[in-house]
Amino acid sequence: MNSARRFVLDVPELWDQVDLSGEEMARTRAKALATTDDPRQKARINDMFRQGREVSRAARRHGALLAAGTATLYDEGLFMAYGMVFAVTTPKGSELTLPVLSAQLGVSSADGVAPKDRVIASVKVPQVGTVARVTGTEVTRLTGDIDVKLLTMHTMMPVPGSTEDFLVVTLASPNLPLKEEVYDLFDAITSTFRFVTAG
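Structural notes, computed from the coordinates. (Residues numbered from 1 in each chain as written. Predicted model: local features only at pLDDT ≥ 70, side-chain atom pairs only at ≥ 80, totals over all residues. Heavy atoms only, no water.)

## With respect to the pattern of salt bridges
Thinking step 1. Under the defined criterion, the tally for this structure stands at three salt bridges.
Thinking step 2. Arg 194 is the partner of Asp 10 in a salt bridge, and the nearest nitrogen-oxygen pair spans 3.2 Å. Of this pair, Asp 10 sits in the loop between β1 (7-8) and β2 (16-17) while Arg 194 sits in strand β9 (residues 194-195), and the two are 184 residues apart along the sequence.
Thinking step 3. For Arg 194, a relative accessible area of 23% puts it in the partly exposed group. (Salt bridge = Lys/Arg side-chain N within 4 Å of Asp/Glu carboxyl O. Helix = DSSP H or I, 4+ residues; strand = E, 2+ residues; numbered from the N terminus. Buried < 20%, exposed > 50% of the residue type's maximum accessible area, 1.4 Å probe, protein only.)

Structure (structure tokens):
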């Protein structure tokens, strides 16, 4: 699936390739904590950064081809989001249909249940065509006893020339109150996806 590794996804300027060492995230966390004396706010900031570290670990464990994210402090508060691209090959003899997607994507890792707000739809990605997308608020197990909620968007990109290879563009954010804005941003990022042909 070498051709699958040649793709472009334009992420916003304030997003960085995920720093797997965690140094940049630690610096941003310290800046965010310095902006408040409120213990509740500090706890919320620490929770969000714990989520960020877990997302980075998960990306490494699952062999992400691309992992990027942001932890940006605005006047209105902290915005965190993550993006990953994974290579997926469907097993011989099975198809990646919407019902199959429904069973596999957008299911909370904490309990294996689909979120009530999950939507499975087809969308048009300008340089790819019509593709399947799953959105929803997933519950993810962060540690042994702590679950977190993330707004998620998974978009399936069929690899040209293959019937069983896909790249999955996954975007997630713990900023639940910004649901509409987050999904608009995720859609805009995903719309930049394109395969690059050799030569």
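After presenting the structure, the write-up continues.
## Notes on the packing of aromatic side chains
Thinking step 1. Tallied over the full model, the rule gives three aromatic pairs.
Thinking step 2. Consider the rings of Phe 7 and Phe 193, whose centres lie 5.6 Å apart with planes at 15°: the pair is stacked. Of this pair, Phe 7 sits in strand β1 while Phe 193 sits in the loop between α4 (179-190) and β9, and the two are 186 residues apart along the sequence. Grouping residues by exposure puts Phe 7 and Phe 193 together as buried.
Thinking step 3. Arranged with centres 5.0 Å apart and planes meeting at 85°, the rings of Phe 193 and Phe 195 form a pair that is edge-to-face. (Phe/Tyr/Trp six-rings, centres within 6.5 Å; stacked < 30°, edge-to-face > 60°.)

Read these as layout, nothing more, since geometry by itself doesn't imply function.
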